[in-house]
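Geometric and topological summary
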Amino acid sequence: MAATDFKDYYAILGLDKTTSADEIKKTFRKLARKYHPDMNPGNKEAEARFKEVNEAYEVLSDPEKRKKYDQYGQYWKQAAATTGGWPGAGGYGGAAPTDFGGVDFSQYGSFDEFINTLLGRGGGPGASASAGRNGNWNYRTTTGGPTGFGGFEDFAGYENRATGISLNTEVAISLTLGEAFRGTSKRVATGEVSIPAGVKTGSKIRVKGKGQVDPYTKQQGDLYLKVEVLPHPFFQFDGENLVCEVPITPDEAVLGASIEVPVPEGMITVKFPAGMRSGQSLRLRGKGWPKPKKDERTDLLVKIAIVPPKEITTVERECYEKIQANRTFNPRSNLNGVL
């Protein structure tokens, strides 16, 4: 057995044999995201690590596979394909194969006995391989059977493989607010994908047939794009609606005004009624965010902020002083006698 064939699935995940199933799952997700090809475009080393991580998780996430792997190491697949005896012509539990790659197995009553002898676990035929464990035998071949011992590769024919992990792939993708509003196309590792209008942070876009490929069945999973809409300096989300804040001057607040207000697709004129206060909002119906799969939009809430000028001309000061001298409105009249 060449040293380069050695693979320790626990070491690949940075774990040991005492690690819980939940911790294995948590670690796999972290490493899969770190080394995923979409996160490391063109990085062959990261791609190879991603495949190793998937291979290790496929075995260690399955309780039965993990049990066999811990007990038999590199031969866990062959052990899983037998139930006490050798795989025979009529199914499991048949006679031991003879003249298999020049090795006579008729002296062994079962696969356990062969493993016992091969790994020195108790002295040869008749002894049980389950009497001991050697967690250092962690080898794998592309055919699924052990190599280097008389050409045992044909054992791969008895493999009973079950999918250990989902073939679906999830990739994070960041969009500007404009891209998310209008819809766009983005290039990922699997090619160009279309982003529909109206996605938001947390939305998932399914791209069928663009996930991982099962090397055994050739089935391919789906690609899921998890969307993050980058923060915008003017628009924010308030549930399904958009919100923004528009500053107006004191005289506009008192007299009312028609003001140009940004909306996602451009500028529109909005009439603000007289007497609006800071913090009040106007609801612009149908000017918010697109509703997915519907030719509709949510609302835009325009919050008012009355902003006094920091610098004024002499004429403006005279006008404000005249207003102050003749003002009859007292916004603090209700504060009298609050104690």
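An unreviewed UniProt entry lists the protein chain under the name J domain-containing protein, from Tychonema bourrellyi FEM_GT703.

Bringing the overall build of the protein chain into the picture now. A tally of helices and strands in the protein chain yields nine helices and 13 strands. Taking all 339 residues of the protein chain together, 37% fall into the buried category. Working note: accessible area of the protein chain is about 20,100 Å², and carbon and sulfur atoms make up 50% of it.

The next point concerns the sheet that holds strand S7 (residues 223–229). If you walk across this open sheet you meet the three strands as S3-S7-S6, and the pairing is mixed. If you trace the sheet from one side to the other, it starts and ends with strand S3 (169–175) and strand S6 (204–207), each paired once. This sheet shows a mean twist of 30° between the axes of neighbouring strands, independent of strand direction. Of the strand pairs in this sheet, S6 and S7 are connected by four bridges, and their pairing is antiparallel. The residue of S7 that forms the bridge with Ile 205 is Leu 225.

Moving on: a nonpolar patch on the surface. A contiguous nonpolar surface patch, about 250 Å² in accessible area, is contributed by Ile 312, Tyr 320 and Ile 323. Within the secondary structure, Ile 312 sits in the loop between strand S13 (300–306) and helix H9 (314–326). You can call Ile 312 partly exposed: its relative accessible area is 31%.

Its volume calculated, the second largest pocket comes out at about 780 Å³. What lines the second largest pocket is a set of 20 residues, and nearest its centre among them are Pro 250, Val 254, Tyr 320, Ile 323 and Arg 327. Within the residue set of the lining of the second largest pocket, elements represented by two or more residues are helix H8 (250–255) and H9. Of all the elements, H9 adds the most residues to the lining of the second largest pocket, at seven residues. Residues of the lining of the second largest pocket, tallied by class, amount to eleven nonpolar, three polar and six charged.

This part covers the pairing of strand S4 (residues 184–188). Here S4 runs beside strand S5 (residues 191–195); their pairing, made up of five bridges, is antiparallel. From the neighbouring strand, Val 188 faces S5, where its bridge partner is Gly 191. Between S4 and S5, which pair antiparallel and follow one another directly, the connecting turn spans two residues.

It is worth spelling out helix H2 (residues 21–35) at this point. Taking 1.5 Å per residue, 15 residues should reach 21 Å; H2 reaches 21 Å between its end C-alpha atoms and fits that length. Listed in full, the buried residues belonging to H2 are Ile 24, Thr 27, Phe 28, Leu 31, Ala 32 and Tyr 35. Each buried residue of H2 lies within a common arc of 130° when the element is viewed along its axis, so the set occupies one face. Away from its buried face by more than 90 degrees, H2 exposes Asp 22, Lys 26, Arg 29 and Lys 30. The elements touched by buried residues of H2 are helix H1 (9–13), helix H3 (44–60) and helix H4 (63–72).

Attention now moves to the packing of H2 against H3. Any two packed helices are characterised by the angle at which their axes cross and by the distance between the axes. Axis separation between H2 and H3 bottoms out at 9 Å; the angle between their running directions is 160°. Accordingly, the angle class assigned to the pair H2 and H3 is roughly antiparallel. As H2 packs across H3, the resulting crossing turns out to be left-handed. Along the contact surface, H2 presents Ile 24, Lys 25, Phe 28, Leu 31, Ala 32 and Tyr 35, while H3 presents Ala 46, Glu 47, Arg 49, Phe 50, Val 53, Asn 54, Tyr 57 and Leu 60.

Grouped together as the largest cluster of nonpolar side chains are 35 residues, with contacts concentrated most on Ile 195, Leu 225, Phe 272, Leu 300 and Val 302. Residue contributions to this core reach at least three from each of two domains, namely domain 2 (169–229) and domain 3 (235–326). Leaving out residues up to four positions away in the same chain, Leu 225 has contacts with Val 171, Ile 173, Val 188, Val 193, Ile 195, Ser 203, Lys 204, Ile 205 and Val 207. Tyr 9, Ile 12, Phe 28 and Leu 31 belong to the second largest nonpolar core, which has 18 residues in total.

Right, let's talk about the confidence of the model for the protein chain for a bit. Of the residues in the protein chain, 71% reach a pLDDT of 70 or more, and the chain-wide mean stands at 76. Residue range residues 83–103 is modelled with pLDDT below 50. Its contacts to residues more than four positions away, or to other chains, number 47 contacts.

The next thing to look at is the sheet that holds strand S8 (residues 236–238). Overall, mixed pairing links the four strands, which are arranged S8-S9-S13-S12 in an open sheet. In the strand order of this sheet, the two ends are held by S8 and strand S12 (281–284), each with one partner. For this sheet, the mean angle separating the axes of adjacent strands, direction not counted, is 35°. Across three bridges, S8 lies against strand S9 (residues 241–248) in antiparallel orientation. Opposite Asp 238, over in S9, you have Asn 241 as the bridge partner.

Right, let's get into the environment of Gln 219. Structurally, the position occupied by Gln 219 is in the loop between S6 and S7. For the pair Gln 219 and Gly 209, spaced ten residues apart in sequence, the C-alpha to C-alpha distance is 8.8 Å. Residues within four places of Gln 219 in sequence aside, it is in contact with Leu 167, Gln 212, Val 213 and Asp 214.

Considering the arrangement of structural elements, one finds Lys 200 in the loop between S5 and S6. Setting aside anything within four residues of it in sequence, one finds Lys 200 in contact with Val 227, Val 229, Phe 237, Gly 239, Glu 240 and Trp 289.

Cut-offs and rules
- Residues numbered from 1 in each chain as written.
- Predicted model: local features only at pLDDT ≥ 70, side-chain atom pairs only at ≥ 80, totals over all residues.
- Heavy atoms only, no water.
- Helix = DSSP H or I, 4+ residues; strand = E, 2+ residues; numbered from the N terminus.
- Buried < 20%, exposed > 50% of the residue type's maximum accessible area, 1.4 Å probe, protein only.
- Areas by Shrake-Rupley, 256 points an atom, 1.4 Å probe, with all protein chains shown as cover.
- Pairing = 2+ DSSP bridges.
- Axes fitted to C-alpha atoms, helices over the stretch in contact; angles between N-to-C directions.
- Patch = residues over 30% accessible without salt bridge, like charges linked within 9 Å, V, L, I, M, F, W, Y side chains within 5 Å.
- Salt bridge = Lys/Arg side-chain N within 4 Å of Asp/Glu carboxyl O.
- 1 Å grid on protein atoms, 1.4 Å probe; cavity = no way out; pocket = protein on both sides within 12 Å on 5 of 7 lines; lining within 4 Å.
- Points joined across faces, edges and corners; volume = space filled by probe spheres on them.
- Nonpolar A, V, L, I, M, F, W, Y, C, P; charged D, E, K, R; others polar.
- Expected span 1.5 Å × (residues − 1).
- Arc of directions from axis to C-beta.
- Contact = heavy atoms within 4.5 Å.
- Parallel < 35°, antiparallel > 145°, perpendicular 65-115°, else oblique.
- Left-handed = near helix turned anticlockwise from the far one by under 90°.
- Core = buried A, V, L, I, M, F, W, Y, C linked by side-chain atoms within 4.5 Å.
- Domains from an automatic or database assignment.
- pLDDT = per-residue confidence, 0-100.

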